[in-house]
Amino acid sequence: MALAFPSPDDLVRTATGMARWSMDTAGFAASLPDRVAELLDRVEVLITRIEAISERAEMAVAKANEVADRAATVVTSSTEVSTSAQTLIGLYEPLATKAAPMAARFVDDLSEDEIHAAIGLVNHLPELTLRMEGLLPILASLDTVSPEIHLLLEEVQGVRQAIQGVPGFKFFRKRGESKEDDEV
């Protein structure tokens, strides 16, 4: 088998292609440091943005945890309030059911004037209470004064009868009555 050697034109074309390829490769290799630097700059920008996003995400998670903690506190508190309300409803529901017809009748029977009068009475209760505290001891002693008043009335009746028995008393009485009429 005979070896075929390429023609000089083929060798020139191959050499030219290889020279172009070498120049392209050399140009590409020469641009690599700039391209790598540009890529590194872009990577640094991306890393900075990722770090900022990560920090914001951490803050959002922390706030979400705070909100969740507060929500848990509210749920606990509302559970306690609900339990307390259920207990109160259990205690007072029978009373309210029993008192409702009486309260409705009371409300239906009161006029606006009576409500204003009742409010006025309630407003005067402090003063009335103070005055009654001073009056109650006197009222308590009235049962012991009652027999004494009867004795006094009997004595006055006796004095009146004695005076009427005095001669000329009618004259003095008529004279006194006429003077009272003149003054009026």
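Below you will find a few notes about this structure. (Residues numbered from 1 in each chain as written. Predicted model: local features only at pLDDT ≥ 70, side-chain atom pairs only at ≥ 80, totals over all residues. Heavy atoms only, no water.)

Notes on the overall build of the protein
Counting secondary structure elements, the protein contains 3 helices and 0 strands. Written out in order from the N terminus, the α and β elements of the protein read α-α-α. Relative to the 2.2 N^0.38 estimate, which gives 16 Å for 184 residues, the radius of gyration of the protein is 59 Å and therefore markedly larger than a compact globule would have. Principal-axis analysis of the C-alpha atoms places the extent of the protein at approximately 195 × 50 × 30 Å. By the burial criterion, 0% of the 184 residues in the protein qualify as buried. On the protein, roughly 16,800 Å² of surface is accessible, and the fraction owed to carbon and sulfur atoms is 66%. (Helix = DSSP H or I, 4+ residues; strand = E, 2+ residues; numbered from the N terminus. Rg over C-alpha atoms; globule rule 2.2 N^0.38 Å. Buried < 20%, exposed > 50% of the residue type's maximum accessible area, 1.4 Å probe, protein only. Areas by Shrake-Rupley, 256 points an atom, 1.4 Å probe, with all protein chains shown as cover.)

Some remarks on the pattern of salt bridges
Summed over all chains, the structure comprises 4 salt bridges. Here Asp 10 and Arg 13 are joined by a salt bridge, their closest N and O atoms 2.6 Å apart. Here the residue Asp 10 and the residue Arg 13 both occupy positions in helix 1 (residues 8-109), the gap between them amounting to 3 residues, near one helical turn. A relative accessible area of 54% places Arg 13 in the exposed class. One salt bridge connects Glu 66 with Arg 70, and the closest N-O pair in it is separated by 3.4 Å. Here Arg 70 and Glu 66 lie together in helix 1, a separation of 4 residues that amounts to about one turn. On the basis of relative accessible area, Arg 70 is assigned to the exposed category, the value being 54%. (Salt bridge = Lys/Arg side-chain N within 4 Å of Asp/Glu carboxyl O.)

Remarks on helix 1
End to end, helix 1 covers just 131 Å across 102 residues, shorter than the expected 152 Å (1.5 Å per residue, more than 12% under). Roughly 40° is the biggest bend found in helix 1, and it falls at Tyr 92, with proline Pro 94 one to four residues downstream. (Expected span 1.5 Å × (residues − 1). Bend = angle between axes of the 7 residues up to and from the residue.)

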